[in-house]
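This is what each chain is made of:
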Amino acid sequence: MPGLGASFGRGGATSDLQDLGNADVIVIQGSNMAECHPVGFQWVMEAKARGTKVIHIDPRFTRTSALADTYVPIRTGTDIVLLGAIINRVLTQERDFREYVLAYTNASWLVSEDFQGTEDLDGLFSGFDSETRSYDTKSWQYAGAEHHGDEQEETADSQESESGHSLGAGGAAVDHESIQRDDTLQDPRTVWQVMKRHFARYTPEMVQEVCGIPTDLFDEIAEAWISNSGREKTGVLVYSVGWTQRGTGVQYIRAGAILQLLLGNMGRPGGGVMALRGHASIQGSTDIPTLYNLLPGYLQMPHAERHRSLAEYIDSIKGANQKGFWGNADAYTISLLKAYFGDAATAENDYLFDAMPKINGDHGTYGQVMDMIEGGKIFGYFLLGQNPAVGSANGRAQRLGMANLDWMVVRDLVMIESATFWKDAPEVETGEIVPEECRTEVFFLPAASHVEKEGTFTQTQRLLQWREKAVEAPGDCTSELWFFYHLGRRMREKLAGSTDPRDRLLLDVAWDYPVHGEKQEPSSEDVLREINGYDRSTGDLLPGYTALKADGSTSSGCWIYSGVYADDVNQAARRKPGREQSLHAHEWGWAWPMNRRVLYNRASADPDGKPWSERKALVWWDEAQGRWVGDDIPDFEATKAPSYRPPKGATGVEAIAGDDPFIMQSDGKGWLYAPKGVVDGPLPAHYEPAESPFRNTVYTQQQNPARELYTNHLNEVHPSPPERGSDVFPFVWVTSRLTEHHTAGGMSRYLPYLAELQPALFMEVSPELAAQQGLEHLGWAHVITARAVVEARVMVTDRLAPLRIQDRVVHQIWMPYHWGGGGGLTTGDVVNDLAHLTLDPNVHIQEFKAGTCDVQPGRRPRGGEVLDLIDAYRVRGAVTMSSGAVAVTAELLDPQGKSRVEQAMAGATGTGTGHSAAEMEKVLSVRHDVRSRPGQPQQNGVDPAVLDAHPDTSLEGN
């Protein structure tokens, strides 16, 4: 979300899927859309039939590639180099949409003279501290606003709390009144000139050297994108988890956003950035979040140290002297607290904010896994809609962590691997988990499927759609709404007489939904009404979020969803056929915010309110009516004229000028340069993936210096150049999905038709790699990392072409991740066991899409021999808890008195303290010791002296 949120002001897709049909060029990068989003892909095909050029950029030739006009193979992990080179061409050849850029972006803003970029610091930005792996961002700020930056401790704290997620509905706070600008763009401190210097080294030649894309193919991509953008034409960028599941995923998206702003493609028909979501309600699960660090509507979760009062919390969101609708954060927050606690929340008790739970650090998924492994912090676990034993990164760590719990509740359709790991996980075979001694008590509760419950999905384009219940759920299967409502009800009944302060919130919560039917199902429509919000003085449902107030007279369970039940009509349930309405189909479902289908659509008109071109008209100012009109609901105040200029000292909504299209940004403009909101740099820079067979040739700095690391024996990262040992893992693995199976396989491997269509786990390799490694088509092979060994059938195919990088050939291996060994009609090894836990510092997302490995013919070993093979590779490759963990590569090359281990461990996130060794041995086999620490032997059956003698601390000869 910070990639889009820091650039435009919101973290959702900027248009609807059908708007793809309006594009003059469609660039799909980081997505296999035809296979993973086949229903939405129809609009790509509609556009192509009308002559739109479709470009697909991907490491592997897929079903999307087969339908594209141009397919571009790329080395995984190098997309910023390609995008940076196109940006460089736009800037140096001055082929931007200049009128749009000057009016609607921060290109002319002046940056602090203290700022130093990657050109000055060889891959780092100013303010980096290798001890905390974080940036002091004061030097990144606009000129005169340096005091608004975050010190490194604050940035490190923001990384722990994943504060970037809060940009899902509004950009970062800056003081708009202090901004200095130069509309000529000549001042060397303008964002424009800073960008020109930053992207200067991203050239077609570098694209060929780093990405493996020939210069003539680069020219085709760049010219198609640039020439099909501007006043008369627009292009759209489409991405998915091929971009987000990266250690630098936020910066990939930032690079695409910068290019779209420069070309004037934002807020216009056939333009924008289509952020494809993986499931039916992934968008909804962040809007009304399942994330520890967010409240509904992207209000940040209160922090124990920074938000000691409601006023302090609201001020941290609103900021000082900033524009935009975050200026009403008090109304959004207080209305949420009223929805939570009803009459119990009053102005006198600060609306119960003081009693609200608060966070104080990293409580994310992978941090929890590390805590579970160590023990002593987490004793119980609820799993709903997740199967981490198969679907999460480093599955071995997930399973060993779950083996260290006291109890776990699993709600699912079938007995997934996370419910049965204690008896059939791979670690049972290796002896790492002993079923008779595993203390985890698993409670399996059957869940209703999507056709057995009613409610809303919020999908890719921010669209809420109501689904009816088709059939009753059988037996004891229940919906999530039923489960949580009745769990809460029973807890409240048990605590009814409690006077303990810690029980106050649970007893005060407004928990009184009407129920119906034999199972006493709560009313989903009443929940949606509560989310929409009420005028508490009249009982009327609110028309939208602009009606929310900060005086306690309104309530809303999610401010961005306010309006979904306007006029007491379930707007999400509307089903007017598309043939009976316009392209954007405003009467099919309801899109947040306020049913706007194309975000930032004020930018489809020029500063005077006239369409940039009649061909690309969307909304415009009608002088006679005194309002914005057009083919979409204006993402702007409907009656605010283009000529409006805010009075001096204005803040919030009043401060939005008539030519400020990005109404959730604190200065009203699209951000080419992000002084705040992204913790690893104000501009995207290329870093190699955490595991790579190549040196970074763009800068000396090898990896993202601010990347998140979890230091644990089960999560060791392979060395990358300049460290020794990278040649032991010479190949690159890539994972993605198939149409026929669904994520971890719990909804597809049990179905005969789907299991027959894709009956076995397989890997795709090129003919050249097959010949080199002795792999046979349809035969067996196994992939080895320092974390796991995974076997699969071999498919020899031209879909994965070898690429020449730095004068040598690199081979990429592709594997789908849908298989597990616990159940289903087709079983197999867990591909996600190969992955390490190195995370993007903004949102803690894992790097699923690139890692190094070896591949060997034949089936993998069994039992304890698996661990012996892993250990042999770890020793050969010098893999320890400090390998691949140094923050600043220059310090690795010139240690300046610090040992390599000291460099690696600074700022890394270790596991907590917990159970004794005796307790651990009840759960885990001692054959492969997961209790290892730096300086202690970690390899089974290996003399510690071998590690000491290994060229692990020397760079000589590299």
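Residues numbered from 1 in each chain as written. Predicted model: local features only at pLDDT ≥ 70, side-chain atom pairs only at ≥ 80, totals over all residues. Heavy atoms only, no water.

## Observations regarding the overall build of the chain
In step 1: Looking only at helices and strands, one finds 31 helices and 32 strands in the chain.
In step 2: On C-alpha atoms alone, the chain measures out to a radius of gyration of 27 Å, which is about the 30 Å that the 2.2 N^0.38 rule sets for 958 residues.
In step 3: With respect to the principal axes defined by its C-alpha atoms, the chain has extents near 85 × 70 × 55 Å.
In step 4: Look at the contacts in the chain between residues 6 or more apart in sequence, and 73% of them connect residues 24 or more apart.
In step 5: By element, 51% of the accessible surface of the chain is carried by carbon and sulfur atoms, the whole surface being about 33,200 Å².
In step 6: Positive and negative side-chain charges of the chain, numbering 87 and 130 respectively, have mean locations separated by a distance of 3 Å. (Helix = DSSP H or I, 4+ residues; strand = E, 2+ residues; numbered from the N terminus. Rg over C-alpha atoms; globule rule 2.2 N^0.38 Å. Contact = heavy atoms within 4.5 Å. Areas by Shrake-Rupley, 256 points an atom, 1.4 Å probe, with all protein chains shown as cover. Lys, Arg positive; Asp, Glu negative; His and termini not counted. Charge placed at Lys NZ, Arg CZ, Asp CG, Glu CD.)

## Points about the domain arrangement of the chain
In step 1: Along its sequence, the chain is organised into domain 1 (2-275) and domain 2 (708-949).
In step 2: Each side of the interface is counted separately: domain 1 has 38 residues, and domain 2 has 42 residues.
In step 3: Between domain 1 and domain 2, the buried area comes to about 3,200 Å², and carbon and sulfur atoms account for 53% of it.
In step 4: Here domain 1 and domain 2 share 3 salt bridges between them.
In step 5: For the salt bridge of K898 with E131, the shortest nitrogen-to-oxygen distance reads 3.0 Å.
In step 6: The tally of links from domain 1 across to domain 2 stands at 17 residue pairs in polar contact (both at pLDDT 80 or more).
In step 7: Of all elements in the fold, only α2 (33-36), β3 (70-73), α8 (152-160), α10 (204-211), α12 (241-244) and α13 (249-262) reach the threshold of two or more residues within the side of domain 1 that touches domain 2.
In step 8: Residues belonging to the side of domain 1 that touches domain 2 are distributed by class as follows: 13 nonpolar, 15 polar and 10 charged. (Domains from an automatic or database assignment. Buried area = accessible area lost by both parts, 1.4 Å probe. Salt bridge = Lys/Arg side-chain N within 4 Å of Asp/Glu carboxyl O. Polar contact = N/O pair within 3.5 Å; in protein donor to acceptor, adjacent residues only side chain to side chain. Nonpolar A, V, L, I, M, F, W, Y, C, P; charged D, E, K, R; others polar.)

## Examining helix α24 (residues 524-532)
In step 1: Most of α24 is tucked away, with 7 of its 9 residues classed as buried.
In step 2: Where α24 is concerned, the buried positions are S524, V527, L528, R529, E530, I531 and N532.
In step 3: Two residues or fewer after α24 comes G533, characterised by a positive phi angle close to 110°. (Buried < 20%, exposed > 50% of the residue type's maximum accessible area, 1.4 Å probe, protein only.)

## Examining a nonpolar patch on the surface
In step 1: On the surface, F382, W407 and F443 cluster together into a nonpolar patch covering about 280 Å² of accessible area.
In step 2: Here F382 shows up in strand β10 (residues 380-384). (Patch = residues over 30% accessible without salt bridge, like charges linked within 9 Å, V, L, I, M, F, W, Y side chains within 5 Å.)

## Looking at the pairing of strand β11 (residues 407-412)
In step 1: With 5 of 6 residues buried, β11 lies mostly within the body of the structure.
In step 2: As paired strands, β10 and β11 are joined by 5 bridges and run parallel to one another. Residue G380 lies in a different strand from β11, and its bridge partner there is W407.
In step 3: Here β11 pairs with strand β12 (residues 441-446) via 6 bridges, running parallel. Across the sheet, residue V409 finds its bridge partner in β12, namely F443. (Pairing = 2+ DSSP bridges.)

## Concerning the environment of R874
In step 1: With respect to the helices, strands and loops of the structure, R874 is situated in helix α27 (residues 864-876).
In step 2: On the basis of relative accessibility, which here comes to 1%, the residue R874 falls in the buried class.
In step 3: When the C-alpha atoms of R874 and W628 are compared, they prove to be 64 Å apart, with 246 residues separating the residues in sequence.
In step 4: Within the structure, the side chain of R874 is placed 2.9 Å from the side chain of H713, a separation counted as a polar contact.

## Thoughts on the packing of aromatic side chains
In step 1: Tallied over the full model, the rule gives 37 aromatic pairs.
In step 2: Centroid distance F382 to W407: 5.5 Å. Interplanar angle 85°. Geometry classified as edge-to-face. Note that F382 is positioned in strand β10 and W407 in strand β11, a separation of 25 residues in sequence.
In step 3: Classification of F382 by relative accessible area gives partly exposed; the value is 39%.
In step 4: On the basis of relative accessibility, which here comes to 34%, the residue W407 falls in the partly exposed class.
In step 5: Among the aromatic residues, those joined into a ring-pair cluster are F115, F125, F128, Y135, W140 and Y673.
In step 6: Residue placement shows R60 over the ring face of W814; its charged tip is 3.5 Å from the ring centre.
In step 7: Cation over ring: R602 sits above F636, and NZ or CZ is 5.9 Å from the ring centre. (Phe/Tyr/Trp six-rings, centres within 6.5 Å; stacked < 30°, edge-to-face > 60°. Lys NZ or Arg CZ within 6 Å of the ring centre and 35° of its normal.)

## Some remarks on the sheet that holds strand β14 (residues 463-467)
In step 1: Pairing in this open sheet of 3 strands is antiparallel, and the strands run β13-β14-β19 from one edge to the other. Two strands in the sheet have a free side with no partner beyond their single neighbour: β13 (455-458) and β19 (590-591).
In step 2: Pairing of β14 with β19 involves 2 bridges; the strand directions are antiparallel. Looking at the pairing, L464 lines up with W590 of β19.

## A closer look at the environment of G123
In step 1: Considering the arrangement of structural elements, one finds G123 in the loop between α7 (118-121) and β4 (128-129).
In step 2: G123 gets classed as buried once you look at its relative accessible area, which sits at 0%.
In step 3: Put simply, G123 and F694 are 571 residues apart on the chain and 16 Å apart in space, counted from C-alpha to C-alpha.
In step 4: Residues in contact with G123, not counting those within four places in the same chain, are T118, Y687, Y699 and Q701.

## So, the confidence of the model for the chain
In step 1: Per-residue pLDDT for the chain averages 90, and the proportion of residues at 70 or more is 92%.
In step 2: Note on residues 912-917: pLDDT is under 50 here. Beyond four places in sequence and across chains, it has 17 contacts.
In step 3: Under a pLDDT of 50 for its full length, residues 919-958 has, in the predicted model, 88 contacts with residues more than four places off or in other chains. (pLDDT = per-residue confidence, 0-100.)

## Description of helix α9 (residues 191-199)
In step 1: Burial within α9 is extensive, with 7 of its 9 residues counted as buried.
In step 2: Taken together, the buried positions of α9 are occupied by V191, W192, Q193, V194, M195, H198 and F199.
In step 3: Against α5 (79-92), α6 (98-104), α7 and α13 lie the buried residues of α9.

## Remarks on the sheet that holds strand β6 (residues 235-239)
In step 1: Read from one edge of the open sheet, 5 strands run β3-β2-β1-β6-β7, paired in parallel fashion. Edge positions in the sheet fall to β3 and β7 (273-275), since each has one partner strand and no second. Neighbour-to-neighbour, the strand axes of the sheet open up by a mean angle of 15°, direction not taken into account.
In step 2: Across 4 bridges, strand β2 (residues 53-58) lies against β3 in parallel orientation. Across the sheet, I57 pairs through a bridge with V72, a residue of β3.
In step 3: Sheet strands touched by α13: β6 and β7. Its angle to β6, the strand with the most contacts, is close to 175°. (Axes fitted to C-alpha atoms, helices over the stretch in contact; angles between N-to-C directions.)

## Quick look at the pattern of salt bridges
In step 1: Going through the model one piece at a time under the given rule, you end up with 50 salt bridges.
In step 2: The shortest N-O distance in the salt bridge between R63 and E740 comes to 3.1 Å. Of this pair, R63 sits in helix α4 (residues 63-67) while E740 sits in the loop between β23 (731-736) and α25 (752-757), and the two are 677 residues apart along the sequence.
In step 3: Through salt bridges with shared partners, one network takes in R89, R95, D219 and E223.

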